[in-house]
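# Summary of structural features
Letter by letter, the chains look like this.
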Amino acid sequence: MLLTKKSEYALLSLIAIAKSDEAKNVDELSRELNISKSFLAKIMQNLAKHNLVVSHRGVNGGFALNKSWEIITILEIVVAAEEKLPSVFECSPSMDNCPNQLASLCTIWPLLNNLQLKINDFLEKLTLKDIA
């Protein structure tokens, strides 16, 4: 599945952070977006691990974008949230790693792979600012 709840919540959280003048903590984001605090905290950790956000400690702490929303791509966000490249199909991007071990017999792999490449390219060109 391309966009799971993790991706959706990551996108919504980053939009909220980008539109804010101050860092936003998980409590604020959880209430504002009606997302489970524990689930959101894990997502935010992934985003921080991938350097999309920076975490500030203290009374006025929270998360802020680590770079401009004009250059953060949707593909970066999805990869950070999901911790893997998006996949519309269960096909592997490489025929060598076919999950069914039938790559040499598969006649639809080229079509599915081409579609996945187009989706990835689209998500790479679309930025956080574009969707905000």
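Keep in mind that what you see is a predicted model, and the values were worked out from it rather than measured.

Moving on, we get to unusual backbone geometry. With phi around 60°, Asn51 is a residue other than glycine that occupies positive phi space. Tracing the chain through its elements places Asn51 in the loop between helix H3 (37-49) and strand E1 (53-56). Among the residues examined, Asn51 registers a relative accessible area of 49% and is labelled partly exposed. One non-glycine residue, Glu83, lies in positive phi territory at about 60°.

Turning to helix H2 (residues 26-33), a few remarks are in order. If you check which residues of H2 are buried, you get Val26, Leu29 and Ser30. The buried residues of H2 occupy one face: seen down the axis, they fall within an arc of 100°. Residues of H2 that are buried in the fold lie against helix H1 (5-18), H3 and strand E2 (62-65). N-capping of H2 is provided by Asn25, with a side-chain oxygen placed 3.0 Å from the backbone N of Asp27. Looking one or two residues beyond H2, the residue adopting positive phi is Asn34, at roughly 55°.

What counts, and at which threshold
Residues numbered from 1 in each chain as written. Predicted model: local features only at pLDDT ≥ 70, side-chain atom pairs only at ≥ 80, totals over all residues. Heavy atoms only, no water. Helix = DSSP H or I, 4+ residues; strand = E, 2+ residues; numbered from the N terminus. Buried < 20%, exposed > 50% of the residue type's maximum accessible area, 1.4 Å probe, protein only. Arc of directions from axis to C-beta. Contact = heavy atoms within 4.5 Å. Polar contact = N/O pair within 3.5 Å; in protein donor to acceptor, adjacent residues only side chain to side chain.

Read these as spatial facts, not as claims about activity.
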